[in-house]
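Okay, here's what each chain looks like letter by letter:
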Amino acid sequence: MREITVLDKTFKLFKSEDEIRASIKVIAETINTDYQGKTPLFIGVLNGCFLFAADLIREISLDCEISFVKVASYKGMKSTGEVNQLIGLDRSLEGRDIIILEDIVDTGNTIENIVDLLEKAGCKSIRIATFLLKPEAYKKSINIDYVSMEIPNKFVVGYGLDYDGFGRNIKELFVLKD
Ligand code: 5GP
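Computed from a predicted structure; not experimentally measured.

Draft legend 1. Structural detail: the sheet that holds strand β11 (residues 156-157). Strand order in this open sheet of four strands is β1-β2-β12-β11, and the pairing throughout is antiparallel. Across the chains shown, the open sheet's two edge strands, defined by having one partner strand only, are β1 (3-6) and β11. Taken together, the four bridges between β1 and strand β2 (residues 9-15) define a ladder with antiparallel strand orientation. Bridge pairing in β2 places Val6 opposite Lys9.

Right, dumping it as structure tokens:
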């Protein structure tokens, strides 16, 4: 089993490039079917989603747009831990069918906050597509519409996801060694 070291931690290979691509293709095909005749606006949540967004969007055959946001959790000078601002929204969401692109949904706190913020912008519909979901950790009732892969409640790195800023460039997904 292939192992890598990122900073001070060892990770073992968890999902290959082929497995990742195949799982993304499945949800892309579902989105293509669900949104026939519509022009969705994909909103990718940076930083982690950049590879997922790039691979997913190339499998989308609909007329569509894509934009990216960063989330901020600041009130005054202090981080609140709660997302209260989306940075980088560059177009009106009024009347649009929005598909949020996330790298991973863990407890669901982040995605719930993002949906709350987007709901105030007058969108026609909001759905969520995530590369990874940790069902054992997920604590919210909001539906996660498109999930490429469900994974156990373990820390993963690679394919856009980082460990302390590193590892985003790794082609495959690795899981922390016990
Ligand atoms: P939440 O708990 O709000 O659903 O997850 C928030 C964020 O935690 C994710 O967007 C991601 O940045 C980070 N996160 C959660 N689980 C993992 C993981 O296994 N690996 C990495 N690299 N980040 C994670």
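Draft legend 2. Representation of unusual backbone geometry. A cis geometry characterises the amide bond from Leu46 onward to Asn47, with omega recorded as 5°. With respect to the element layout, Asn47 can be found in the loop between β3 (41-46) and α2 (50-57). Even without being glycine, Tyr159 reaches a positive phi, approximately 50°. Mapping Tyr159 onto the fold places it in the loop between β11 and β12 (173-176). In this model, Asp164 sits at a positive phi of 50°, which is unusual for a non-glycine residue. Within the secondary structure layout, Asp164 lies in the loop between β11 and β12. The class of Asp164 is exposed, set by a relative accessible area of 61%.

Draft legend 3. Structural view of α2. Burial in α2 covers these residues: Phe52, Ala53, Asp55 and Leu56. Of the surrounding elements, those touching the buried residues of α2 are α1 (17-34), β3, β4 (65-72), β8 (97-105), β9 (125-133) and β10 (146-150).

Draft legend 4. Structural detail: the site of the ligand. With respect to spatial proximity, 14 residues lie near the ligand, and among them Thr107, Thr110, Lys134, Val156 and Asp162 are the closest. Here an oxygen atom of the ligand and a side-chain polar atom of Lys134 are 2.8 Å apart. Between a nitrogen atom of the ligand and a main-chain N or O atom of Val156, the distance comes to 2.7 Å. For the ligand, the accessible surface in isolation is 510 Å², of which the surrounding protein chains cover 79%. Taking a 2 Å distance to the grid points as the criterion, the majority of the atoms of the ligand fall inside the largest pocket. Elements with a minimum of two residues in the shell around the ligand: β8 and α3 (109-119). Here the residues of the shell around the ligand sort into five nonpolar, four polar and five charged.

Conventions used here
Residues numbered from 1 in each chain as written. Predicted model: local features only at pLDDT ≥ 70, side-chain atom pairs only at ≥ 80, totals over all residues. Heavy atoms only, no water. Pairing = 2+ DSSP bridges. Helix = DSSP H or I, 4+ residues; strand = E, 2+ residues; numbered from the N terminus. Buried < 20%, exposed > 50% of the residue type's maximum accessible area, 1.4 Å probe, protein only. Contact = heavy atoms within 4.5 Å. Near = heavy atom within 4 Å. Polar contact = N/O pair within 3.5 Å; in protein donor to acceptor, adjacent residues only side chain to side chain. Areas by Shrake-Rupley, 256 points an atom, 1.4 Å probe, with all protein chains shown as cover. 1 Å grid on protein atoms, 1.4 Å probe; cavity = no way out; pocket = protein on both sides within 12 Å on 5 of 7 lines; lining within 4 Å. Sits in = over half its atoms within 2 Å of the grid points. Nonpolar A, V, L, I, M, F, W, Y, C, P; charged D, E, K, R; others polar.

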